[in-house]
Amino acid sequence: MVALSNDQRLLDRILEDQHRRLAPHEKPEEFFNFFAADKALQDWDLDLDEIRDGIVDGAHDCGVDGIWSFIDDRYVTADVHQYLSSRVRTIDLVILQAKTSTGYQETVLEKLCYHLPELLSMNRSEEDLANHTNAKLLNRTKRFLDILESTASFFPKVRIQVIYASRAAEGPHPNVKAKGDRLRREMQRIASHTDCVIEYLTAGHLRERAARGAKAVAELVFSEIPISTSIGEGYACLARLDEYYKFITSSNGALRLELFESNVRDYAGSTAVNTAIGDTLKSGTREDFWWFNNGVTIVAEAAQIAGKKIVIRDPQIVNGLQTSHEVYKYFENGGQHRDRSLLVKIVVAPEAGTTRDRIIRATNSQTALPAGALRATEQIQKDIEESLTHDAGYYYERRANYYRNLGFPIEQVVSMARLAREFTAFCAREPHVALQHSEALLLEDSYYNKIFSPVHDLDIYRLTLDTHSRIRRFLDAYTEDRPLLGETKENWLYHLAFMSSFTLTRLRHPHARDLLNIDLAHLSDELLEYMIGTLDKEFRAVLRANKAGGVDRIARSPEFTNRVRQAVIAQRRFRIGRN
């Protein structure tokens with residue numbers, strides 16, 4: 001047996017510690033997949049839900065453990081059209097293979113080389129692929145193909161990154177690299193103007209990324225001595241444009257989206273205002289940029305001057321997102337700073353209380369806000385966070401990745417999007433909508449106000465999470481020796497939660513107050529096995545009529561939701577009464 005290197009030993013210690021703290025109920029290989037994905041995607045700053053959304057590991061995964069698609073550095077969940085602006089510049093596809101082995105294997109790359117060209121072909125046969133590909137992988141590769149088709153008229157640059165992570169002490173053997181080069185050439189044929197890189201993450205790389213952690217501290221180089229306030233703590237300064245560009249970009253050149261978590265607006269694309277900002281940046285005159293721009297406002301936990309830099313802890317750009325995007329685009333397209341500057345205001349405000357949220361609202365009220373803005377600062381969100389964190393043992397993230405970065409167990413960290421989907425399946429009884437993982441649940445008032453309403457008893461949110469957690473544990477045990485159709489648990493999870501609303505209340509039209517009266521102990525393994533048998537029967541009945549799209553397409557259909565409801569109500573063993 002070959003002795004482990006220091007990097008391997010230290011990585012194993014990190015894995016053991018994080019597995020115990022973050023996900024003790026997961027199998028070690030499952031946790032390694034998540035750990036590798038988290039580190040591989042570190043510069044994309046994804047939240048827990050987004051990382052999990054791309055993990056497709058399991059039976060019939062065609063050698064792919066994870067796959068994530070991005071439009072202009074923004075992760076795409078479901079409806080591609082939500083991410084299209086008047087100009088799409090880049091499309092990124094990240095593919096992950098994670099192995100706990102202590103070396104790199106040729107067969108891993110050979111498998112990817114065989115399956116990926118077929119999965120990423122617009123001429124693929126959905127019915128043929130469904131016979132040997134799990135539903136989640138089919139859906140995520142179809143998502144990428146939809147992006148390519150929807151953005152064809154923009155002629156975007158396509159970048160594919162295949163990451164092979166393992167516990168290897170050293171990089172791959174030349175024979176393995178040769179197979180990787182072949183895969184790279186295959187991927188570059190997916191579409192014109194496509195670049196592909198194959199990256200090998202060793203034990204040392206994974207350990208270094210684990211040590212790096214989230215970037216909670218940033219530095220901004222200023223060009224003139226900052227003006228400080230006499231009341232409270234804050235600074236106003238001029239920063240050269242290229243220094244501000246460095247501040248808002250990560251080491252891989254991507255825009256640091258985590259800096260804009262508290263900004264209530266997203267980038268608006270080529271509006272008249274943004275076009276004017278871009279034109280000012282491109283202007284060849286000697287007039288300074290800050291003369292014509294309101295600048296940016298940064299809210300921080302702390303700020304300190306150190307030489308020619310301001311060191312900022314937990315920076316959030318609460319106003320100036322449009323300017324920041326235009327500066328980013330300007331330099332990405334080869335622009336020069338030409339000794340021009342940007343006005344930057346840094347305000348140190350306490351996290352507790354209302355000061356920070358009032359700053360966010362005030363600095364973003366100068367132009368019209370899109371529907372669904374300011375969710376994180378609403379009282380209902382604060383009430384849910386307090387209720388779940390203090391009374392239920394969950395850590396509700398109004399602000400993305402807050403509790404995750406503090407190292408709380410993964411299953412106990414709940415994003416706003418996760419709660420919205422689980423409520424939609426269990427309480428609103430629309431599992432097909434929950435499965436779409438659409439930002440519409442948070443952005444569109446018609447969805448959002450139905451989920452996050454002051455009229456709801458706060459205990460309904462805890463019950464929703466407890467119900468889904470119970471079903472997740474059951475599915476984990478059930479699938480150890482019994483495969484699910486489509487091999488994707490999420491297609492079953494939300495429909496089983498939906499069915500539970502009937503079987504636990506024994507009512508055809510349960511209301512929230514009816515759900516609050518249930519005893520979750522009645523959601524036994526026996527009842528869940530009956531329910532999973534009913535769901536399996538309905539999936540198979542629809543598949544016999546049309547296999548195209550497989551279980552993934554069926555589960556997202558409102559017609560299937562109604563079919564399942566009728567099947568549950570009709571079965572005597574569930575004893576569903578009339579109401």
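Definitions and cut-offs
Residues numbered from 1 in each chain as written. Predicted model: local features only at pLDDT ≥ 70, side-chain atom pairs only at ≥ 80, totals over all residues. Heavy atoms only, no water. Helix = DSSP H or I, 4+ residues; strand = E, 2+ residues; numbered from the N terminus. Buried < 20%, exposed > 50% of the residue type's maximum accessible area, 1.4 Å probe, protein only. Areas by Shrake-Rupley, 256 points an atom, 1.4 Å probe, with all protein chains shown as cover. Pairing = 2+ DSSP bridges. Axes fitted to C-alpha atoms, helices over the stretch in contact; angles between N-to-C directions. Phe/Tyr/Trp six-rings, centres within 6.5 Å; stacked < 30°, edge-to-face > 60°. Patch = residues over 30% accessible without salt bridge, like charges linked within 9 Å, V, L, I, M, F, W, Y side chains within 5 Å. Salt bridge = Lys/Arg side-chain N within 4 Å of Asp/Glu carboxyl O. Contact = heavy atoms within 4.5 Å. pLDDT = per-residue confidence, 0-100. Parallel < 35°, antiparallel > 145°, perpendicular 65-115°, else oblique. Nonpolar A, V, L, I, M, F, W, Y, C, P; charged D, E, K, R; others polar. Expected span 1.5 Å × (residues − 1). Bend = angle between axes of the 7 residues up to and from the residue. Lys, Arg positive; Asp, Glu negative; His and termini not counted. Charge placed at Lys NZ, Arg CZ, Asp CG, Glu CD. Core = buried A, V, L, I, M, F, W, Y, C linked by side-chain atoms within 4.5 Å.

1. Some thoughts on the overall build of the chain
And step 1. Helix and strand counts for the chain stand at 24 helices and 15 strands.
And step 2. Residues classed as buried in the chain amount to 53% of the 579 residues present.
And step 3. Of the roughly 26300 Å² of accessible surface on the chain, 49% is carried by carbon and sulfur atoms.

2. Focus on the sheet that holds strand S9 (residues 296-300)
Two strands in a sheet stick together by hydrogen bonds in their backbones, pointing the same way (parallel) or opposite ways (antiparallel).
And step 1. A sheet is described by the order of its strands in space; here five strands give the open sequence S7-S8-S13-S9-S12, paired in mixed fashion. Lying at the two open borders of the sheet, with one neighbouring strand each, are strand S7 (227-228) and strand S12 (316-319).
And step 2. Direction of pairing for S9 relative to S12: antiparallel, over a ladder of three bridges. Residue pairing for S12: Val-299 is matched across the bridge by Gln-316.

3. Focus: the sheet that holds strand S6 (residues 217-221)
And step 1. Here we have three strands laid out as an open sheet, ordered S6-S11-S10, and antiparallel in their pairing. The open sheet has two edge strands with one neighbour each: S6 and strand S10 (302-306). Within this sheet the neighbouring strands show an average axis-to-axis angle of 20 degrees, counted without direction.
And step 2. Where S10 lies against strand S11 (residues 309-313), five bridges are found, and the strand directions are antiparallel. Counted as the bridge partner of Gln-304 is Val-311 from S11.

4. So, the packing of aromatic side chains
And step 1. Throughout the structure, instances matching the rule amount to 20 aromatic pairs.
And step 2. On the basis of an interplanar angle of 35 degrees and a centroid distance of 5.7 Å, the ring pair of Phe-423 and Tyr-461 is categorised as tilted. Of the two residues, Phe-423 is situated in helix H15 (residues 416-426) and Tyr-461 in helix H19 (residues 459-478); the sequence distance between them amounts to 38 residues.
And step 3. What makes Phe-423 buried here is its relative accessible area of 4%.
And step 4. Assessed through its relative accessible area of 1%, Tyr-461 is described here as buried.
And step 5. Aromatic ring contacts, followed pair by pair, group Tyr-245, Tyr-328, Tyr-330 and Phe-331 into a single cluster.

5. Re a nonpolar patch on the surface
And step 1. Together, Trp-290, Trp-291 and Phe-292 make up a nonpolar patch on the protein surface, roughly 360 Å² of accessible area in all.
And step 2. The residue Phe-292 is located in the loop between helix H10 (272-282) and S9 in this model.
And step 3. Assessed through its relative accessible area of 48%, Phe-292 is described here as partly exposed.

6. Quick look at the side chain of Ser-500
And step 1. Relative to the helices and strands, Ser-500 is located in helix H20 (residues 490-505).
And step 2. Looking at Ser-500, the relative accessible area reads 0%, which means it is buried.
And step 3. If sequence neighbours within four positions are ignored, Ser-500 has contacts with Phe-426, Thr-467, Ile-471, Thr-505, Leu-523 and Met-531.

7. Quick word on the confidence of the model for the chain
Close reading of the predicted structure is inappropriate where its pLDDT is low.
And step 1. When the pLDDT values of the chain are averaged, the result is 85; 87% of them are 70 or greater.
And step 2. This model gives residues 365-373 a pLDDT under 50, and the stretch forms 15 contacts once residues within four places in sequence are excluded.

8. A closer look at the packing of H15 against H19
And step 1. Their axes nearest at 9 Å, the elements H15 and H19 cross at an angle of 85 degrees. The orientation of H15 with respect to H19, classified from their angle, is roughly perpendicular. Across from Arg-418, Leu-419, Glu-422, Phe-423, Ala-425 and Phe-426 in H15, the residues of H19 making contact are Ile-460, Tyr-461, Leu-463, Thr-464, Leu-465, Thr-467, His-468, Ser-469 and Arg-472.
And step 2. Residue composition of the contact of H15 with H19, grouped by class: eight nonpolar, four polar and three charged.

9. Some remarks on H20
Side chains of residues three or four places apart in an α-helix project in the same direction, reflecting 3.6 residues per turn.
And step 1. For H20, built from 16 residues, the straight-helix expectation of 22 Å at 1.5 Å per residue is met to within 8% by its first-to-last C-alpha distance of 23 Å.
And step 2. The sharpest bend along H20 comes to roughly 25 degrees, located at Met-499.
And step 3. Positive backbone phi, at 60 degrees, marks Arg-506, one or two positions downstream of H20.

10. Here we look at a negative patch on the surface
And step 1. Together, Glu-29, Glu-30, Asp-57 and Glu-480 line one region of the surface with negative charge.
And step 2. Structurally, Glu-30 can be placed in helix H2 (residues 28-40).

11. Notes on the packing of H19 against helix H22 (residues 525-545)
And step 1. The N-to-C vectors of H19 and H22 enclose an angle of 75 degrees; their axes lie 11 Å apart at closest approach. Taken as axis vectors, H19 and H22 run roughly perpendicular relative to one another. From H19, Arg-470, Ile-471, Phe-474, Leu-475 and Tyr-478 reach across to H22, where they touch Asp-525, Leu-528, Glu-529 and Ile-532.

12. Some thoughts on the nonpolar core
And step 1. Within the largest apolar cluster, 61 residues are counted, with the highest numbers of intra-cluster contacts made by Leu-388, Leu-419, Phe-452, Leu-475, Trp-492, Leu-496 and Phe-539.
And step 2. By residue number, the principal contributor to this core is H20, which donates nine residues.
And step 3. Setting aside residues no more than four positions away along its own chain, Phe-539 makes contact with Leu-485, Asn-491, Trp-492, Val-551, Ile-554, Ala-555 and Phe-560.
And step 4. Formed by 38 residues, the second largest nonpolar core is a distinct cluster that contains Leu-112, Leu-116, Leu-129 and Leu-183.

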